[in-house]
Amino acid sequence: ANCTVIASFEANPVITTTLNVASSGAASAPIAVTAGNGTSGNTPYTITATNDTVEVTLQAGAVAGKTFSSWTGCNSGSANPCGVIVAIGGTKTVTANYVTPVENGVCGSSNGGTYYSAPSTNLCTQVTASSVTGTGSTTNPWSWSWYGSGGGSTASCEAYKSVDCAGYWSAC
């Protein structure tokens, strides 16, 4: 006897898994994938997998003028590196958080000194100071500032004009 068999096949659905990698406090932060099925890149970027989980370890890299502070959204907590698992079909976002380091203003070695002319070097220890103002006298000393960054304090610095042997405001 003849028999007719009818078979129908359906393709397995394509399931996409997505991990969004972002940063806060720093644009285009370098992120290295140190383990797992993903690629390294600069934020923001996306790691995807088809019909698979995304399981990676992410290492936040250095960003000029910023300090890494924590990860948000990791399965492993907030420390660097960040371990992440996204189940098949899931979507997750992790964020590398950066902050501007707090730097207080610090006067340089010219602070408190006496000079024949307004000091122009060693005003501050770390960066360029504000312009020097004043006459250098005891009532109107030369003064300058270094403004802290990241919420740090401001340093107010000053220096005085040297008095010559006869008591005049000029060189001996």
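Residues numbered from 1 in each chain as written. Predicted model: local features only at pLDDT ≥ 70, side-chain atom pairs only at ≥ 80, totals over all residues. Heavy atoms only, no water.

### Description of the sheet that holds strand 9 (residues 114-115)
- An order of 9-11-10 is seen for the three strands of this open sheet, with the pairing classed as mixed. One side of each edge strand has no neighbouring strand; the edge strands of this open sheet are strand 9 and strand 10 (142-146).
- Here two bridges tie strand 9 to strand 11 (residues 155-161), and the two strands are oriented parallel to one another. Its bridge partner lying in strand 11, threonine 114 is registered against tyrosine 160. (Pairing = 2+ DSSP bridges. Helix = DSSP H or I, 4+ residues; strand = E, 2+ residues; numbered from the N terminus.)

### Digging into the nonpolar core
- The biggest cluster of nonpolar side chains holds 22 residues, and the ones touching the most others in it are Leu19, Leu58, Trp71, Val84 and Val94.
- Mapped onto this core, the elements with two or more residues apiece are strand 1 (16-24), strand 2 (30-36), strand 4 (45-50), strand 5 (54-60), strand 7 (82-86) and strand 8 (91-99).
- Ranked by the residues each element gives to this core, the list is headed by strand 5, at four residues.
- Ignoring anything within four residues of it in the chain, the contact list for leucine 19 reads Tyr45, Thr46, Ile47, Val54, Val56, Leu58, Val84, Val86, Lys92 and Val94.
- One finds Cys124, Ala129, Trp144 and Ala155 within the second-largest nonpolar core, a separate group that totals nine residues. (Core = buried A, V, L, I, M, F, W, Y, C linked by side-chain atoms within 4.5 Å. Buried < 20%, exposed > 50% of the residue type's maximum accessible area, 1.4 Å probe, protein only. Contact = heavy atoms within 4.5 Å.)

### Some remarks on the packing of aromatic side chains
- Within this structure, the stated rule accounts for two aromatic pairs.
- Plain terms: the ring middles of phenylalanine 68 and tryptophan 71 are 6.1 Å apart, the flat faces sit at 55° to each other, and that makes the pair tilted.
- Taking relative accessible area as the criterion, phenylalanine 68 reaches 23% and is therefore assigned partly exposed.
- Ring plane angle 80° and centroid distance 5.8 Å describe the contact between phenylalanine 68 and tyrosine 98, whose orientation is recorded as edge-to-face. Linking phenylalanine 68 in strand 6 (residues 67-72) with tyrosine 98 in strand 8, this pair joins segments that are 30 residues apart in sequence.
- Assessed through its relative accessible area of 5%, tyrosine 98 is described here as buried.
- Within the aromatic cluster, the residues linked to one another by ring pairs are Phe68, Trp71 and Tyr98. (Phe/Tyr/Trp six-rings, centres within 6.5 Å; stacked < 30°, edge-to-face > 60°.)

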